[in-house]
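A look at the structure
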There are 4 protein chains.
Amino acid sequence: MIIIMKRNAAEESLKQVSSYVTGKGLEVHISHGKELTIVGVVGNKDLINPDHLTSMKDVERIVPVTESYKLANKKFHPEPTTIQVGNTVIGPDNLTIMAGPCAVESKGQLLSIAHAVRDAGATFLRGGAYKPRTSPYSFQGLETEGLQYMQEAAKETGLATICEVVSLEAIEAAAKYVDMIQIGARNMQNFMLLKEAGRSGMPVLLKRGLCATVEEWLNAAEYIIAEGNPKVVLCERGIRTFETATRNTLDLSVVPVLKTRTHLPIIIDPSHATGSYKYVPSMAKAAVACGADGLMIEVHDNPVCALSDGPQSLNFNKFATLTKELRPFSGLVGREF
Amino acid sequence: MIIIMKRNAAEESLKQVSSYVTGKGLEVHISHGKELTIVGVVGNKDLINPDHLTSMKDVERIVPVTESYKLANKKFHPEPTTIQVGNTVIGPDNLTIMAGPCAVESKGQLLSIAHAVRDAGATFLRGGAYKPRTSPYSFQGLETEGLQYMQEAAKETGLATICEVVSLEAIEAAAKYVDMIQIGARNMQNFMLLKEAGRSGMPVLLKRGLCATVEEWLNAAEYIIAEGNPKVVLCERGIRTFETATRNTLDLSVVPVLKTRTHLPIIIDPSHATGSYKYVPSMAKAAVACGADGLMIEVHDNPVCALSDGPQSLNFNKFATLTKELRPFSGLVGREF
Amino acid sequence: MIIIMKRNAAEESLKQVSSYVTGKGLEVHISHGKELTIVGVVGNKDLINPDHLTSMKDVERIVPVTESYKLANKKFHPEPTTIQVGNTVIGPDNLTIMAGPCAVESKGQLLSIAHAVRDAGATFLRGGAYKPRTSPYSFQGLETEGLQYMQEAAKETGLATICEVVSLEAIEAAAKYVDMIQIGARNMQNFMLLKEAGRSGMPVLLKRGLCATVEEWLNAAEYIIAEGNPKVVLCERGIRTFETATRNTLDLSVVPVLKTRTHLPIIIDPSHATGSYKYVPSMAKAAVACGADGLMIEVHDNPVCALSDGPQSLNFNKFATLTKELRPFSGLVGREF
Amino acid sequence: MIIIMKRNAAEESLKQVSSYVTGKGLEVHISHGKELTIVGVVGNKDLINPDHLTSMKDVERIVPVTESYKLANKKFHPEPTTIQVGNTVIGPDNLTIMAGPCAVESKGQLLSIAHAVRDAGATFLRGGAYKPRTSPYSFQGLETEGLQYMQEAAKETGLATICEVVSLEAIEAAAKYVDMIQIGARNMQNFMLLKEAGRSGMPVLLKRGLCATVEEWLNAAEYIIAEGNPKVVLCERGIRTFETATRNTLDLSVVPVLKTRTHLPIIIDPSHATGSYKYVPSMAKAAVACGADGLMIEVHDNPVCALSDGPQSLNFNKFATLTKELRPFSGLVGREF
């Protein structure tokens, strides 16, 4: 941590800052410049509240020099993490394809989709049983019934299953029926839910919030891991910007950025990011090319009649074509698929 | 709802769209243009899933023409709402000042602050007992103990009290000790929490999410009201933009925008929006001048030592000066204070 | 400038950095921490290219500690600047009201508007003769003819005049006919135009770019002043964010931010920022309340028929009502109007 | 164009709107709903000013249904455009690689870089002779001298050359020495410069503004084409968002979006977008995978000493490795390289 003092800071102000820091058991290194005085702080910065320093007289600003997340940090865990889920793994050696409907609508629908996506190469079935919707008047999901259909689909197809959770009750129910839980973008900083997900011990897919920085996202992952659960996978699904040509703006550059900062796997969801099935195949290929560990793609037997997010879903043919086209890209980046 | 068909849309595509709409019991009005065909839909649009239409052949896009929120909508409730909380009211006739520390730290601290803010003109004491923090290693609040101190402070000073809640348990605890609950920016689309807040029947202050549109914010309010609880107050606290000179960008233009769309009161929080006590007084005056129903301002007995958000807190002197300066502005906009 | 070295940076890397800095004639102050080594740089930082340092081995990042603008910087010019334009001044002691049509359309129209805005209290007539329009097929302005009408209006009413310029030719023409030139948001980083505006010696209103930071905006002002022309006034007209309820998001918090960073006056344009005449009066009052030095407001004799930006223009009655309502706000902040 | 009237719009208001539209020679189709009345407008919308309509009584809003750009529009020009520049082409059949330094610094440097990038597979040499810099005190380019070096490098290597222009004078100079001109992000809506670029008849690379929508970008292209110059290539170089982990946010989804809207080629610049050489290779591969027509990449003989943008430049080895790795990706998308 570096403390930048104001121009012409009084000597007493510098003393106040120094004694605060040394009083907490850390060391200070002071550089007197012609214009500015800078105080370098050495030691365990968790013992210091940066807000206290910012409020002190003649302090211009505080510059943090280490990240606040530790367990998610690549610096202390340089090897990429591989996470076992059901019969499959997510990690650096293979390309994980999660596919399925936005919302589970009926048993027949789900089984039909499960077979289709497995036959095309997916290893995960996704399907929402609890739907966070902008309007209270929109379809909110089949809840436990939906989870039971997910379990049946897993039995029939051997696919691993993943489902979004929105509450402690949903986590408890999901633990009985599916292999992995998802924290959605709108709940990325619902810290109670993150802690519960941590305590559940289940593999967790953590979607990036619509306006979350990489730093905040990794701190959200830290909440889960700090509860003793290291099985966290990150998922980029588009951020909110001024551009309206796509629903959100898919921030693919987080793939190489995350590879330098964290050991956790990263999955890309081009369906929610773009909001249009037309843009999904090209963005899926781009994601694989830049090093993503997997994809989450919406597939529906009849996108025209989907109860949620139809316009962004691929039908069976389009999904099979896409996975076929993805295989050589997967080969180029050295991933099994 | 208007359906815009693609250039040279096939006659069958138009028939498919028309029969879907009329099959749901609504009417269609078709305009054939040289370049485009447009289908106006008349009737109860809740019976139609716009995603189905978007997925149909030759449909270019759907243009919604009515808002999805109803109970929060000014169109159906033209008079501004006044909400009674404790001994005070929030509404068009007075200027509500909520003040207090970001986090409740101790009983002595809270009582001292409560007296100071009441003497300066505040009618509400704010104080966090459950703190959603970016890092799991930051101070997370005193929880129930903090709520009890809030109750004592209310008894001593007569102030109404407000506290953020982050879970069902927190709502239940808050209901015993304070007068109003707050849903924070990070939970604005935590729909489970919104429903619980609705069921609690308590007055709710709903902060705007960091990247929530006005439309999404009013739909979040709708979640609460739809559970039978009309006592919702909105609070703007800055949105996330590219600018870093202030912590967030205070979007004051939502005040006149909301006044045309909803009957719910609107409170401005310049402390969290700007992140610096230096900018709070000018933004507070601006908020009053443009018609806000109140302010939420962080006040601390010793900002240098605050456990959370010290740099944005006013000390007692600065807060007393501010309220004194605000009175004539309040008079100019015809509000009691 | 502070240089943060990577964890476990090699001793040679530190030497390379040090000798680069000292080779340029500056001093280094090195702090060795357990995790990080930090190099404080003391001296004239203009002699160093931070990009060189960032590219060096084991350099984590560079933290600038002083601003790059000097002539616009309050640190070296603490008193607020007052600028004389025509018969009026822009500065800390009065409230400047610039009003007029978005585009000059005809002589009759302009004279009619000029009389109306002067009678209501404006001291400046604004009017566009060169219109930068998104589409090449939209009305682009009357050019020199428009400038001549501005001059006639000034003669009749005594108002100072201001007109946007988009090229060197436009600056030369404007110099003949009007009192002040405006650099529009889309040209805020058109550095050739900034230099020409500087060389012209005319008072310049510099609008903030749609996505310009405060730092970039003040550097743009620096381009003008560095050519020997200190007569620069800043104008906030809304930034681009995700919110679509208003055309742009008026960032009023720049008023107190700028007051701490620069001595240049700041004007607010609520018309372009909000895009709707309905929101102009409340935002105008907010701007005055938070300390702006003036307002720029679109006024049109017949907004329904304006060739450009009609929906955001006030008609004569609404403008007269607004200025009447603004007077007591102006009094509260100690400005003459 | 669709006109949405307000709830309970008066019959006279509807008449005013209708007669305005029909008075311009267009037709109206009126749909009376229970809640809303909608007016479809059929005919040449260029004859109508939407702002006039928005300002009329009881008009809620206007919904445009056709794009404002025509010559850049894929609807009227379905086949992708191929543009000849020097000895090479930019278009759907090959992968164009533009490479070189941010700024031309000396003849020796430029020739050395030119040979290296040609040997690695580039067909274009890029190099800035006029540098738009945020601060007036930063290096601003060698101007004509830099252009002459570009010409010499072209003669020696056979590479096509491209250089940014910032003024009419720069366009005239560039026309003598290089094959293609570039309009930078900060000048994307410098409409005077766009018109001059159009009149020059030279191939133009039009970079997207930092906060320009796709719609605005294509309208900027339209300015150039409307002057009779169809040789326009688009270049995405990152947009400004709240995320600071990369310099800007590379919006790769514009590739498939543009492919549905325009026939113009699209080039991706991962160097400026990410601001770090570490992220360039993965983003370059992603760009090729999703269908971009080419790449613009910064290459420097000694990035540590670059006068501008060193941290984002690849050295010769890294660039050669990248082009080698790109070849199989190029093959997968059916492009010659």
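This section reports on the structure supplied with the text. (Residues numbered from 1 in each chain as written. Chains lettered and ligands numbered in written order. Predicted model: local features only at pLDDT ≥ 70, side-chain atom pairs only at ≥ 80, totals over all residues. Heavy atoms only, no water.)

1. Overview of the overall build of chain A
- Helices and strands together make up the secondary structure of chain A, namely 11 helices and 14 strands.
- For chain A, with 337 residues in total, the buried portion stands at 65%.
- Of the roughly 11200 Å² that chain A leaves accessible, carbon and sulfur atoms contribute 49%.
- Placing the 35 positive and 36 negative side-chain charges of chain A at their respective mean positions leaves the two points 3 Å apart. (Helix = DSSP H or I, 4+ residues; strand = E, 2+ residues; numbered from the N terminus. Buried < 20%, exposed > 50% of the residue type's maximum accessible area, 1.4 Å probe, protein only. Areas by Shrake-Rupley, 256 points an atom, 1.4 Å probe, with all protein chains shown as cover. Lys, Arg positive; Asp, Glu negative; His and termini not counted. Charge placed at Lys NZ, Arg CZ, Asp CG, Glu CD.)

2. With respect to the environment of C:Gly40
All names here are of chain C.
- Among the secondary structure elements, glycine 40 is positioned in strand S3 (residues 37-42).
- Assessed through its relative accessible area of 4%, glycine 40 is described here as buried.
- Note: C-alpha distance between glycine 40 and isoleucine 2 (38 residues apart in sequence) is 4.6 Å.
- Not counting residues up to four positions away in its chain, the partners in contact with glycine 40 are Met1, Glu27, Val28 and His29. (Contact = heavy atoms within 4.5 Å.)

3. A word on the interface of chain A and chain B
- The partner chain B presents 43 residues to the 43 residues of chain A that form the contact.
- We note a salt bridge from A:Arg240 to B:Glu216, for which the minimum N-O separation is 2.7 Å.
- Counting every contact that joins chain A to chain B gives 16 residue pairs in polar contact (both at pLDDT 80 or more).
- Of all the secondary-structure elements, those providing two or more residues to the side of chain A that touches chain B are helix H2 (50-55), helix H6 (191-200) and helix H7 (214-225) of chain A.
- Residue classes in the side of chain A that touches chain B are distributed as 19 nonpolar, 16 polar and eight charged. (Salt bridge = Lys/Arg side-chain N within 4 Å of Asp/Glu carboxyl O. Polar contact = N/O pair within 3.5 Å; in protein donor to acceptor, adjacent residues only side chain to side chain. Nonpolar A, V, L, I, M, F, W, Y, C, P; charged D, E, K, R; others polar.)

4. What to know about the interface of chain A and chain C
- The interface of chain A with chain C comprises 22 residues on the first partner and 23 residues on the second.
- Its largest share of buried area at the contact with chain C, chain A owes to A:Arg7, A:Val65 and A:Phe242, together 19% of the area lost on that side.
- Between the two partners, chain A and chain C, sit zero salt bridges.
- At the junction of chain A with chain C, the criterion picks out zero residue pairs in polar contact (both at pLDDT 80 or more).
- At the level of secondary structure, the elements contributing two or more residues to the side of chain A that touches chain C comprise strand S1 (2-5), strand S2 (27-32), strand S3 (37-42) and strand S4 (59-63) of chain A.
- With three residues, S2(A) is the single largest residue contributor to the side of chain A that touches chain C. (Buried area = accessible area lost by both parts, 1.4 Å probe.)

5. Considering helix H7 (residues 214-225) of chain C
- Over its 12 residues, H7(C) runs 16 Å from end to end, which matches the ideal 16 Å to within 8%, given 1.5 Å per residue.
- Contacts made by the buried residues of H7(C) are with helix H6 (191-200), strand S11 (204-207), strand S12 (232-236), helix H8 (254-261) and strand S13 (266-268) of chain C. (Expected span 1.5 Å × (residues − 1).)

6. Comments concerning helix H1 (residues 11-23) of chain D
Residues and elements named next belong to chain D.
- Given a rise of 1.5 Å per residue, 13 residues ought to cover 18 Å, and the 18 Å separating the end C-alpha atoms of H1 matches this to within 8%.
- Where H1 is buried, its residues contact strand S1 (2-5), strand S2 (27-32), strand S3 (37-42), helix H2 (50-54) and strand S4 (59-63).
- Directly beyond the C-terminal end of H1, a positive phi value near 95 degrees is found at glycine 25.

7. Describing the relation of the copies chain A and chain C
- The two copies are related by a screw motion: chain A maps onto chain C through a turn of 180 degrees and a shift of 0.1 Å along the axis, at an RMSD of 0.1 Å. With respect to symmetry, the two chain copies, as superposed, fit the operation of a two-fold axis. Among all residues of chain A, the one whose C-alpha sits closest to the rotation axis is A:Phe242, at a distance of 2.3 Å.
- Mapped onto chain C, 100% of the interface residues of chain A are again interface residues, and the two copies thus contact each other with one and the same surface. (Least-squares fit on C-alpha atoms with pLDDT ≥ 70 in both.)

8. Regarding the side chain of C:Glu298
Residues and elements named next belong to chain C.
- As for its position among the elements, glutamate 298 is in strand S14 (residues 294-298).
- Within the buried core, glutamate 298 has no salt-bridge partner, and the shortest N-O distance to an opposite charge, that of arginine 126, equals 4.1 Å.
- At a separation of 3.0 Å, a polar atom in the side chain of glutamate 298 contacts the side chain of glutamine 312.

9. Let's talk about the pairing of strand S9 (residues 160-165) of chain C
Residues and elements named next belong to chain C.
- A large share of S9 lies buried, amounting to six of its six residues.
- Alternating residues of S9 divide into Ala160, Ile162 and Glu164 and Thr161, Cys163 and Val165, and every residue in both groups is buried.
- Where strand S8 (residues 124-126) and S9 come together, three bridges link them in parallel fashion. Opposite leucine 125, over in S9, you have threonine 161 as the bridge partner.
- Taken together, S8, helix H4 (residues 144-157) and S9 form a β-α-β motif whose crossover is right-handed.
- As paired strands, S9 and strand S10 (residues 180-183) are joined by four bridges and run parallel to one another. Residue pairing for S10: glutamate 164 is matched across the bridge by glutamine 182.
- For the handedness criterion, the β-α-β arrangement of S9, helix H5 (residues 168-177) and S10 is classed as right-handed. (Pairing = 2+ DSSP bridges. Right-handed = clockwise from strand over helix to strand, strands pointing away.)

10. Here we look at the relation of the copies chain A and chain B
- For the match of chain A to chain B, the screw axis carries a shift of 0.0 Å, the RMSD comes to 0.1 Å, and the turn is 180 degrees.
- In this assembly, 100% of the residues forming the interface of chain A have copies in chain B that are likewise at the interface, indicating an isologous arrangement.

11. Details of the pattern of salt bridges
- Per the stated rule, a full pass over the model turns up 52 salt bridges over all chains.
- Linking A:Arg208 and A:Glu236 is a salt bridge whose minimum nitrogen-to-oxygen distance equals 2.8 Å. Here A:Arg208, found in the loop between strand S11 (204-207) and H7, pairs with A:Glu236, found in strand S12 (residues 232-236); they are 28 residues apart in sequence, far enough to count as distant. For the pair formed by A:Arg208 and A:Glu236, the shared burial category is buried.
- Here C:Lys285 ties to C:Glu325 by a salt bridge, and the two come within 2.7 Å at their closest N and O atoms. You can see C:Lys285 sitting in helix H10 (residues 280-289) and its partner C:Glu325 sitting in helix H11 (residues 316-332), a full 40 residues away along the chain.
- When its relative accessible area of 15% is taken as the criterion, C:Lys285 is described as buried.
- By sharing partners, the salt bridges in this structure join A:Arg208, A:Glu236, A:Asp251 and D:Glu243 into a single network.

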